[in-house]
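# Coordinate analysis (summary)
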Amino acid sequence: MDFVPGLTLCRRLHDEVLAPLLARRLPGFRYAAGLLDGGSELLGLDTPRSTDHDWGPRAQLFVADAADVAPVRAVLDTELPGEFLGWPTRFAGGPDVRLGVVRADGDRHGVSVDELGGWLRGRLGCDPRAGMGVADWLCAPTQRLAELTGGAVFHDGLDGELTAARARLAWYPDDVWRYVLASGWQRIGQAEHLAGRCAEVGDELGSRVVTGGLARDLMRLGLLLHRRWPPYAKWLGTVFAALPAADPVLDALAAALGPGDWPERQAGLVRALETVARWTNETGLAAPVDPTVRPFHDRPFLVMDAHRFVAALRAAVEDPALRARPPIGAIDQYVDNVDVLTHPERVRRVAAAVLPA
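Here we summarise the structure given alongside this text. Per chain, residues are indexed from 1 in the order of the written sequence. Under the rules for a predicted model, residues below a pLDDT of 70 receive no local features and side-chain atom pairs below 80 are neither given nor counted, while totals for whole chains, interfaces and linings still include all residues. Hydrogen atoms and water are omitted, and side-chain values are computed over all heavy atoms in the structure.

## Side note on the overall build of the chain
The way it works is that DSSP assigns letters per residue, a run of H or I at least four long becomes a helix, a run of E at least two long becomes a strand, and they are numbered from the N terminus. In terms of regular secondary structure, the chain is built from 16 helices and 11 strands. A burial count over the chain gives 52% of its 357 residues as buried. Contacts between residues were defined by any pair of non-hydrogen atoms, one from each residue, lying within 4.5 Å. Put simply, of all contacts in the chain between residues at least 6 apart along the chain, 66% involve residues at least 24 apart. A total accessible area of about 15800 Å² is found for the chain, and carbon and sulfur atoms account for 55% of it. Taking the 39 positively charged and 46 negatively charged side chains of the chain as two groups, their mean positions are separated by 2 Å. Throughout, exposure labels follow a simple rule: accessible area from a 1.4 Å probe, protein chains only, divided by the maximum for the residue type, with under 20% read as buried, over 50% as exposed, and the rest as partly exposed. Computed with the Shrake-Rupley method and a 1.4 Å probe, the accessible areas treat only the protein chains shown as cover for residues. The charge count treats Lys and Arg as positive and Asp and Glu as negative. His and the chain ends do not count. Here the site of a charge means NZ on Lys, CZ on Arg, CG on Asp, or CD on Glu.

Here it is as structure tokens:
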């Protein structure tokens, strides 16, 4: 079978199969449809390699009333064709099709049906149509936000509510943005001097490990500065490289992570740090800070002294309660565990323990 990008395949499934089927069997029925639940295709990054699991002709249908879920599922279970454009519509494995492999003899199709509010709460722990408070934003992993604002809406017959929910999640309010950026610089400030210290005592591997962590933090921070939700590790480099301004940082980090010795590694880090520092000033979110490196105390390591950016961004936060929070940040700035970040109830328990009201 010829590869078709997943979003194209799934949109055609809706337009050519699902919409006519629902119009015929449930005339006048109001629903929304799209693909927002995860997968490389939501970012337009799927390839033929993606087709070996969690990929195929599928869609999500959303209804306004939970009582409408069962009738729609019944129609799909009995009348959805087993194949579309040569691709099986059935998945094998688990009750959750995201765990399955698409196959002709699968026992479950890839079209889900959910009440919209319940589905949103299941993804985020809240319904963004009712508004997003500070705690809601800080409990939302950026990968999840990338999924919900990426993908595509194929049809929105619920008075535009699905579209409105996505619009609310488009980006942080400015105060939350400042706080999250401050927390990103805080992480950098805590580690930027360590790569040099490791190298000084002959621990080249340790120095490279620290440099790799700084590179990850700088890439995530760079995406946030350009109003892009950082994706999870698999696509972080690809999405960062797509930024129009990324080339100087890509070149710098390639040098920092390359085979060279500590002076070459430090030179790359310096260029990356100074570029991201200039990006921070260019947002206009806080008073500008000198974006040049300086020695770390009396030691021969050059650092940004990133805490200067932390202080400037926090000082610009207008909400006094948010300004007073320690710069720990949003959930995926201090939690890096898939089995936490993909479960909103766990995320909220962790966040409540770290920063109780």
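## Things to note about helix α16 (residues 344-354)
Taken as a whole, α16 has its buried residues at P344, V347 and A351. Down the axis of α16, the buried set is contained in an arc of 55 degrees. They therefore lie on one face. More than 90 degrees from the buried face of α16, the exposed residues found are R349 and A353. This arc corresponds to the set of directions leading from the helix axis out to the C-beta atoms.

## Focus on the sheet that holds strand β8 (residues 111-115)
Spatial ordering of the open sheet is given by β8-β2-β1-β9, a layout of 4 strands whose pairing is mixed. Looking at which strands have only one partner, the edges of the open sheet turn out to be β8 and β9 (152-156). Neighbour-to-neighbour, the strand axes of the sheet open up by a mean angle of 20 degrees, direction not taken into account. One ladder, built from 4 bridges, connects strand β1 (residues 32-35) with β9; its direction is antiparallel. One requirement defines pairing of two strands: DSSP has to find at least two bridges between them. Geometry is summarised by axes, namely lines fitted to C-alpha atoms with helices restricted to the contacting stretch, and by angles between N-to-C directions that run from 0 to 180 degrees.

## Quick look at the nonpolar core
In terms of nonpolar packing, the biggest core is built from 76 residues, with Y172 and W185 touching the most fellow members. What Y172 contacts, discounting residues up to four positions off in sequence, is W137, T142, W177, V180, L224, W229 and A330. Here, nonpolar core refers to any group of buried Ala, Val, Leu, Ile, Met, Phe, Trp, Tyr and Cys residues whose side-chain atoms link them within 4.5 Å. Listed in part, the 26 residues of the second largest apolar core include C10, V17, L35 and V113.

## Here we look at the packing of helix α7 (residues 174-191) against helix α9 (residues 204-225)
For the pair α7 and α9, the least separation of the axes is 10 Å and the interaxial angle reads 165 degrees. Relative to α9, the element α7 lies roughly antiparallel. Between α7 and α9 the crossing geometry is left-handed. Judged by residue contacts, W177, V180, L181, G184, W185, R187, I188 and A191 of α7 engage V210, L214, R216, D217, L218, L221, L224 and L225 from α9. Comment on the angle field: the value is read as roughly parallel under 35 degrees, roughly antiparallel over 145, roughly perpendicular from 65 to 115, and oblique elsewhere. In this scheme, a crossing is called left-handed if the near helix is turned counterclockwise away from the far one by less than a right angle; it is called right-handed if the turn is clockwise.

## Focus on the packing of helix α11 (residues 247-256) against helix α12 (residues 262-282)
Packing of α11 against α12 leaves a shortest axis separation of 7 Å and a crossing angle of 155 degrees. Taken together, the axis directions place α11 and α12 in an arrangement best described as roughly antiparallel. Regarding α11 and α12, the two cross each other, and that crossing is left-handed. Note on element contacts: α12 touches α11 through E264, R265, G268, L269, R271, A272, T275, V276 and W279, opposite P248, V249, D251, A252, L253, A255 and A256. Three classes are used: nonpolar for Ala, Val, Leu, Ile, Met, Phe, Trp, Tyr, Cys and Pro, charged for Asp, Glu, Lys and Arg, and polar for all others, with Gly counted as polar. Grouping the amino acids of the contact of α11 with α12 by side-chain chemistry returns 10 nonpolar, 2 polar and 4 charged.

## With respect to the packing of aromatic side chains
For Phe, Tyr and Trp, rings pair up if their centres lie within 6.5 Å, where Trp contributes its six-membered ring, and each pair is then called stacked (planes under 30 degrees apart), edge-to-face (over 60) or tilted (otherwise). Throughout the structure, instances matching the rule amount to 12 aromatic pairs. The criterion is that NZ of a Lys, or CZ of an Arg, lies within 6 Å of the ring centre and within 35 degrees of the ring normal, and then a charge sits over that ring. The ring of W177 has R227 sitting right over it, with the charged end atom 5.4 Å from the ring centre.

## Let's talk about the environment of L269
Inspection of the secondary structure puts L269 in helix α12. For L269, a relative accessible area of 5% gives the class buried. Remark: the alpha-carbon pair of L269 and L253, spanning 16 residues in sequence, is separated by 6.5 Å. In this structure, L269 is in contact with A195, T211, L214 and A256, ignoring residues within four places of it in sequence.

## Focus: unusual backbone geometry
Although it is not a glycine, D54 sits at a positive phi angle of roughly 55 degrees. Tracing the backbone shows D54 in the loop between β1 and β2 (59-63). Its identity is not glycine, yet H297 carries a phi of approximately 50 degrees, on the positive side.

## As for the pairing of β1
Side chains A32 and G34 of β1 all project onto a buried face; the interleaved residues A33 and L35 project onto the opposite face, where all are buried too. Where β1 and β2 come together, 3 bridges link them in antiparallel fashion. Residue G34 lies in a different strand from β2, and its bridge partner there is Q60.

## Points about the environment of P356
Inspection of the secondary structure assignment puts P356 in the segment after α16. Classification of P356 as exposed rests on a relative accessible area of 60%. Residues P356 and G125, spaced 231 residues apart in sequence, show a C-alpha to C-alpha distance of 17 Å.

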